[in-house]
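# Residue-level structure breakdown
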Amino acid sequence: MTVEQFSTKSRLADTGEGITTDELQLAARNHGIPLEALRYDLTPPGLHYVLVHYDIPLTNAFDWRLTVGGCVEQPIDFGLTELRAMGRQTVRVTLECAGNGRANLHPRPISQPWLMEAVGTAEWTGVPLTALLAAAGVREDAVDVVFTGADHGVERGIEQDYQRGLSLAEALEADALVAWEMNGLPLPPQHGYPLRLIVPGWYGMASVKWLRSIELIDHEFTGYQNAVAYRIRTEPDEPGTAVTRIEPRALLIPPGHPDFMSRHRFVPAGEVTLQGRAWSGWAPVDRVEISTNAGATWQDATLDASDNEDLSWRSFSYVWKATPGEHVLTVRAHDKSGRSQPVEAPWNRGGFANNTAQRLLVLVQ
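Here is a short report on the structure shown in this document.

## Remarks on helix α4 (residues 129-136)
- L129, L132, L133 and A136 are the residues of α4 that are buried. Taken around the axis of α4, the buried residues stretch over an arc of 95°, which confines them to a single face.

Okay, here's the thing in structure tokens:
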């Protein structure tokens, strides 16, 4: 049997097909944030969403080296001691998986079956990527920057290290960070220990974990994770468009208390303060709307004025006068670039950038 035959190909679920064993296995390895944990301004590392493409590599900070090479004046490599000596910067960043919401699509792309919980916000500490590029010296022929992690595996028959590329302009303008701390502590193994890339505003696939090399090249990067995966397509053979920045999204913290299996909510009648978080990778969120009647009417929520005007999530609240009966709560975000979250996002074969509005069924008693 060949590698191509042994490696699972991508496909869409058949009509009526439930979650497969392969998907269940992925869901057991990767996890989203429990929605009640949206209460935390900073997501505790164990509650932050996790997606690991291959295996979590066994790594050691003491002998870890990061190389910067390719189209540079002086190839250079760093250990963590040298990196820390260059100074430290801390940024608050909301990361979201590009496949968030995939499991709600029809037909469903067979892959990690995210519902809507693949998100988290943390403070990442490290050195700006621009400082490392400046130390190596960027040559005039540099076009793209390729980031390689230590995780290695096979995807759709292709054996590979996990690699992602950014154009040189994107790499210089993204305020990217090479981080060694998460919320003030060393990176946990599942979040890239001892070193990872953080690209604010971009879906999480750009923030390469277990980062071991940065290479500048004189052409467009055509590695698998750029040219094949993470493309928005409606037909299997079209080139598609690249997945890049995070589309606007808002999530409610589920009110009341849940049913164990369905997660439907039980809420007492009267005034109920609905709260949640909203974010966008294109511009700061400046408006959030809430509907308590499945989108028939909408009301503006109140944004927390104390939140930073950056690309991390903002908290919002709305006082709802809840009356007895069933209600469907939904919420949508708008950002300063003019982008708005749709009630239902367009379908695509990979299930990427699906920011369809959350629907939360509650029974008011």
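Having seen it, we continue.
## Thoughts on the packing of aromatic side chains
- Evaluation of the coordinates by the stated rule reveals three aromatic pairs.
- Summarising the aromatic geometry, the rings of Y230 and F352 are spaced 5.2 Å apart at their centres and angled 35° between planes, so their arrangement reads as tilted. On the criterion of sequence distance, the pair formed by Y230 in the loop between α6 (224-227) and β11 (231-232) and F352 in the loop between β21 (325-335) and β22 (358-364) is long-range, its members being 122 residues apart.
- Taken together, a centroid distance of 6.1 Å and an interplanar angle of 55° make the contact between W279 and W313 tilted. Separated by 34 residues along the polypeptide, W279 in strand β16 (residues 270-279) and W313 in the loop between β19 (302-303) and β20 (314-322) bring together distant segments of the chain.
- The exposure class of W279 is buried, given its relative accessible area of 1%.
- Of note, R196 hangs over the ring of W124, and the distance from its end group to the ring centre comes to 5.0 Å.

## Things to note about the pattern of salt bridges
- Counted according to the given criterion, the structure contains 13 salt bridges.
- For the salt bridge of E181 with R88, the shortest nitrogen-to-oxygen distance reads 3.0 Å. Of this pair, E181 sits in strand β7 (residues 177-182) while R88 sits in the loop between α3 (80-85) and β3 (89-96), and the two are 93 residues apart along the sequence.
- Classification of E181 as buried rests on a relative accessible area of 14%.
- On the basis of relative accessibility, which here comes to 52%, the residue R88 falls in the exposed class.
- Two residues, R212 and D161, come together in a salt bridge whose shortest N-O distance is 2.6 Å. Taken as a pair, R212 in strand β10 (residues 211-217) and D161 in strand β6 (residues 158-167) lie far apart in primary sequence, 51 residues in all.

Rules used in this analysis
Residues numbered from 1 in each chain as written. Predicted model: local features only at pLDDT ≥ 70, side-chain atom pairs only at ≥ 80, totals over all residues. Heavy atoms only, no water. Buried < 20%, exposed > 50% of the residue type's maximum accessible area, 1.4 Å probe, protein only. Helix = DSSP H or I, 4+ residues; strand = E, 2+ residues; numbered from the N terminus. Arc of directions from axis to C-beta. Phe/Tyr/Trp six-rings, centres within 6.5 Å; stacked < 30°, edge-to-face > 60°. Lys NZ or Arg CZ within 6 Å of the ring centre and 35° of its normal. Salt bridge = Lys/Arg side-chain N within 4 Å of Asp/Glu carboxyl O.

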